[in-house]
Amino acid sequence: METMKAVRIHAYGGPEALVYEDAPLPQPGKDEILVRVHAAAVNPVDWKIREGHLKGMLDSRLPLIMGWDVSGTVEAVGPEVVRFKVGDEVFSRPDIARDGAYAEFIVIRENEAAFKPQSIDHLHAAAIPLAGLTACKSLFAAAKLSAGQTILIHGAAGGVGTYAVQLAKWKGAHVIATASERNHDYLRELGADEVIAYQNVRFEDKVRDVDVVFDTIGGETQTRSWNVVKQGGVLVSIVSPPSQEEAVAHGVRPEFVFIQPDAAELSALAKLVDSGKLRVMVEAVLPLAEARRAQELSQNGHTRGKIVLKVR
């Protein structure tokens, strides 16, 4: 059996559950592509799956290769694949219930992949799919954000927040962001109109009657956010489903977003990147063998932009 290097979990647990080891080389099915991984980004969902928090939602089989953000080169194609050929550069947020991209190779369904943006390298392309799709779906499909509206984005300097700020500004919204003080200039460069230092100021003392709150934090931050949304507005979260009871009490529409693969939306994001309308921010690049350290950085919750594993 041919093998490859991969980072897997054999049981749910802490960072020590991540094992860098030999794993079977996957083979593409009839409608799948085999991708040689150049880079894989790290996301909060990775450590949540590692700790077992999504066991009830996903039908994952152990041992499981981690990581669901990838950019690489097509190495082989199944007989029914028509969009891609060997040598094509692609990126994807593949099916999160299957083996991931912390590996030298990954098998992806053809309809989950898109051509990589031409203007950036694989390290930056890998940082787009999961966070970019999450921001897109949250702002446009769930919140129906439109030009002239005001949006409050919590955790705006993080992986998803970084894209949300830019996409909201591109749409023509007035963007208010919460972040630590060290990230204020960074967020203004990305397009934020106002930035609130959440460590020093309670955002509800500064903000009123926004059309949309985008919650990437959850917990107390989500609870306090009901008071700043106007009646008829939207509170959309990617952390935990907002309370239906609170939503009714405040006259606000609640939305919870957990994305699925979307090649068409990925292609649209690639066009925004190549046209200079969307910047990709990578804070840290680590080798595949240091996936444990990468997840620990992600889990501490203070990363600006994305963490990426360099595989090739």
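Structure's up top.
Conventions we followed
Residues numbered from 1 in each chain as written. Predicted model: local features only at pLDDT ≥ 70, side-chain atom pairs only at ≥ 80, totals over all residues. Heavy atoms only, no water. 1 Å grid on protein atoms, 1.4 Å probe; cavity = no way out; pocket = protein on both sides within 12 Å on 5 of 7 lines; lining within 4 Å. Points joined across faces, edges and corners; volume = space filled by probe spheres on them. Helix = DSSP H or I, 4+ residues; strand = E, 2+ residues; numbered from the N terminus. Nonpolar A, V, L, I, M, F, W, Y, C, P; charged D, E, K, R; others polar. Salt bridge = Lys/Arg side-chain N within 4 Å of Asp/Glu carboxyl O. Buried < 20%, exposed > 50% of the residue type's maximum accessible area, 1.4 Å probe, protein only.

**A few points about the layout of surface pockets**
Approximately 1,200 Å³ is the volume attributed to the largest pocket. Around the largest pocket, the lining is made up of 49 residues, and of these P44, T216, I217, I238 and V239 lie nearest the centre. Those elements that provide at least two residues to the lining of the largest pocket are helix 1 (44-50), helix 3 (129-142), helix 4 (159-171), strand 10 (174-179), helix 6 (219-225), helix 9 (291-299) and strand 16 (306-310). Counting residues per element, the lining of the largest pocket draws most heavily on helix 1, which supplies four residues. Within the lining of the largest pocket, the residues separate by chemical class into 24 nonpolar, 19 polar and six charged. As a volume, the second largest pocket reaches approximately 410 Å³. Together, 20 residues line the second largest pocket, and P26, P63, I65, R98 and D99 are the ones closest to its centre.

**Topic: the pattern of salt bridges**
The tally for this structure, following the rule as stated, stands at 21 salt bridges. Two residues, R36 and E75, come together in a salt bridge whose shortest N-O distance is 3.1 Å. Residue R36 is located in strand 3 (residues 32-42), and its partner E75 is located in strand 5 (residues 70-77); the two are separated by 39 residues in the primary sequence. For R36, a relative accessible area of 24% translates into the label partly exposed.

The quantities given are spatial measurements derived from coordinates; they are silent on function.
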